Amino acid sequence: MYIIGISCYYHDSSACIVSDDKIFAAQEERFDRRKKSDVFPENSIRFCLDSLNITIDEVDAVVFYEKPFLKFWRTLSSLISSWPFSYRRFHEIIPRYLGERLVFPSIMQEKTGYKGKVYFSIHHLSHAASAFLLSGFDQASIITCDGIGELDSLSIGIGKGKDIKIEKTIGHPDSLGLLYSAITTYCGFRANGGEGKVMALGDLGKPSYIDDMLEIISIQDDGSFRIDQRYFDFNSGNMMFTKRFEKRFGQMAKSKDTLESRHYDMAASLQLITEKIMINIVNKTYERHGNSNLCVAGGVFLNCVMNSRILKDTQIENMFVQPAAGDAGGALGAAVYLYNELNDRPFEYVMENAFLGPDYSDENIRGFLIKNNIKYVECTESEVIEKVSSLLQEGKIVGWFQGAMEFGPRALGHRSILADARVKDMKDILNSKVKHREWFRPYGVSIMEEKINDVFNSKNKNQFMLFTGNANEDFKNIAPSAVHIDGSSRYQGVNEKRDGKYYRLIKRFFEKTNVPFVINTSFNDNNEPIVCSPEDAYNCFKKTGLDVLVLGNNIIEEKY
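Residues numbered from 1 in each chain as written. Predicted model: local features only at pLDDT ≥ 70, side-chain atom pairs only at ≥ 80, totals over all residues. Heavy atoms only, no water.

The name given to the protein chain in an unreviewed UniProt entry is Carbamoyl transferase, with the source organism recorded as Muiribacterium halophilum. Quoted verbatim from the Sequence similarities (unreviewed entry) heading of the UniProt record, the comment on the protein chain is "Belongs to the NodU/CmcH family." (UniProt positions renumbered as here; feature names shortened; annotations may be inferred.)

This is the structure we're talking about:
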C-alpha cells in the first residue's frame, strides 16, 4: 500500500510517502529554493514517487494534514471579529482559501493526475501521530503545541499501540505558539522564521518582565493558560501585538539593528514563561497518566531550551521530539495514521534518523561537476576523512554534502557546514562571512555518542539536535565558539551505525585533536533553505566564506 501525506498552503509545505516498510519525505522549499515555501508540493510529490519507482496511479490514498473547511470557518470568524483592522489580511487569505485549500482534491488531480480518494486529517492529530507512531514507544503521553490548527493551539493525549486518544485541547486565541510569534515581531523579527532568533536573544537579557507577563498570561490550576487578548492581535499578520502592549513595555524594535536591552529582557521573559507554562502542562499530564514516556510535536517543540527543561524539571524520563516538528511533519503523521486506519497490520517504523530526502550518488555528483567544468579531486572515503579532518584542524570551514537529505529544519551531518569549535572567533566568522546572520546566534556541535556524558553529563543521545546540554568546564575552555552565553550548547549525538561516514570523520578528528566534536550548522546562507542538490551546495559554496566543499567523495577547493 502507498499513501501520500501532504502539508501546504500555510508554511513548510511538504510531502511524504508511506509504504509497507519505507518512508520518503521532503519539504518543497528545498526544491523551489523559497524558504518556508507554502505552495502545493509538486516537486516533493515527484521525489516521493520516484524514490519508490512508482506512478501516481499506483498510490492508494492521499491525505491532507488538516481539515480546510473547519480552519476556514475559524479564520473567517476571526477576521470578521477584528474588522476593519483585519481588512488587509482578509484580502490576502480568503481568496487563497477559495482557490487552494477548499478545492484541494481538484488541485491534487490537476497537478499530479491523481484520481483516487483524498482524506483529511485533523491538524493536531497529524502532529500527535508524527510523534507517537514513529517513536518506538508502546505507550506514551502526547503533547502537541503550535500557533494554531483548525481550532486548537495545543492538544494532550495518550498513545497505546497504534491508537491515539486526544483527551484535552486548548483553543484559539490562547496560543503559546502565537504568543511566541507576537513577541518575535515585537523584537523586530519576522513571525514564522524569527522565533529561534528570539530564543537565542533571550540569553542576552534578564527575565525582568516575568511578573508583568504573568498578569497578561494566566496559568490555570488544570495546566491550561489564558492570554489577555487586549495586548495581542493575532489576526494582523505583521505586528501581532496592540498599542496597549507597547504602552506597557515600550516601542517595538523596528529591526534587529534597533534592539535595546529591554528587548533582550522581553525575549528572556518570553522564554521563561514559555518554559513555565509547558512544564506545568507536562506535570499535569504526568499526574493524569503516570507515564514517563512523552512524545511531542508542533513548532513550539523546536525550542530546544524548553525541551531540555522538560527533561530536567519533570518526571519525564524518555522524550521523543518529532524532528520535523513543524507543519512539514504534519504530512508524515497524517500518512502514517491513515496507513494504520486502512491496514490490519500497523505501520512498524521507528524514526531513528531523519534522512528521508533526496540522495545523490558520486556518479550523479561527478556528472554535475564535469558538466560545469568544476575542478575536483576524486577520493576514497578514507581519503576524504583524512583530508577533511586535517582541514578542520587547520581552521577551515567545510561544506559537507553526503547521502540522503534531512527532513525537518535541522542539519544532521548530511547537509551541514562543519568547523572546529576550538577556534576562538569561529562563531563570529560563521555568522558574518558564511551564514550572514545576527552576531548573537550560537552554534551547536555534533559529538561522538560515547563522549556525550563526559562533556555534557547527560545520557540523552539527542540524535536530532533538539535539546541542549550544560557543558563542563573543559568544553567551555576548549570550544569557545560552541558555548552559548549561558554555558550551554546544543548538541547532536552521532554513532557509526546511524551516521556512518560522518561519525568516522568526527572520530578521526578526535584521534588527531583529542576533541570528540565539531561545529555543525545547516548548509545554507541566511534566508535560504538548506541545500538539496550538488548544484545548490556549489552555489552556496561560491557566494559564502566556505573554504572547502565536499560532495560525497569529491573535494572542491576552488571557486569559479
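Which residues make up the domain arrangement of the protein chain, and what are the values?
Per the domain assignment, the segments making up the protein chain are domain 1 (2–134 + 325–342), domain 2 (171–321) and domain 3 (358–556). Counting residues at the interface gives 16 residues for domain 1, matched by 15 residues for domain 2. When domain 1 packs against domain 2, the two sides together hide about 1,200 Å² of surface, and 58% of this comes from carbon and sulfur. Applying the counting rule to domain 1 against domain 2 returns zero salt bridges. The interface formed by domain 1 and domain 2 contains one residue pair in polar contact (both at pLDDT 80 or more). The leading source of residues in the side of domain 1 that touches domain 2 is helix α6 (residues 123–132), at four residues. (Domains from an automatic or database assignment. Contact = heavy atoms within 4.5 Å. Buried area = accessible area lost by both parts, 1.4 Å probe. Salt bridge = Lys/Arg side-chain N within 4 Å of Asp/Glu carboxyl O. Polar contact = N/O pair within 3.5 Å; in protein donor to acceptor, adjacent residues only side chain to side chain. Helix = DSSP H or I, 4+ residues; strand = E, 2+ residues; numbered from the N terminus.)

I'd like a description of the pattern of salt bridges, backed by residues and values.
Scanning all chains against the criterion turns up 35 salt bridges. The salt bridge involving R504 is made with E381; its shortest N-O contact spans 2.7 Å. Here R504 is found in helix α20 (residues 501–513), whereas its partner E381 is found in helix α15 (residues 381–393), with 123 residues between them in sequence. The exposure class assigned to R504 is partly exposed, which follows from its relative accessible area of 28%. A salt bridge links K512 to E386; the shortest N-O distance between them is 3.0 Å. Of this pair, K512 sits in helix α20 while E386 sits in helix α15, and the two are 126 residues apart along the sequence. (Buried < 20%, exposed > 50% of the residue type's maximum accessible area, 1.4 Å probe, protein only.)

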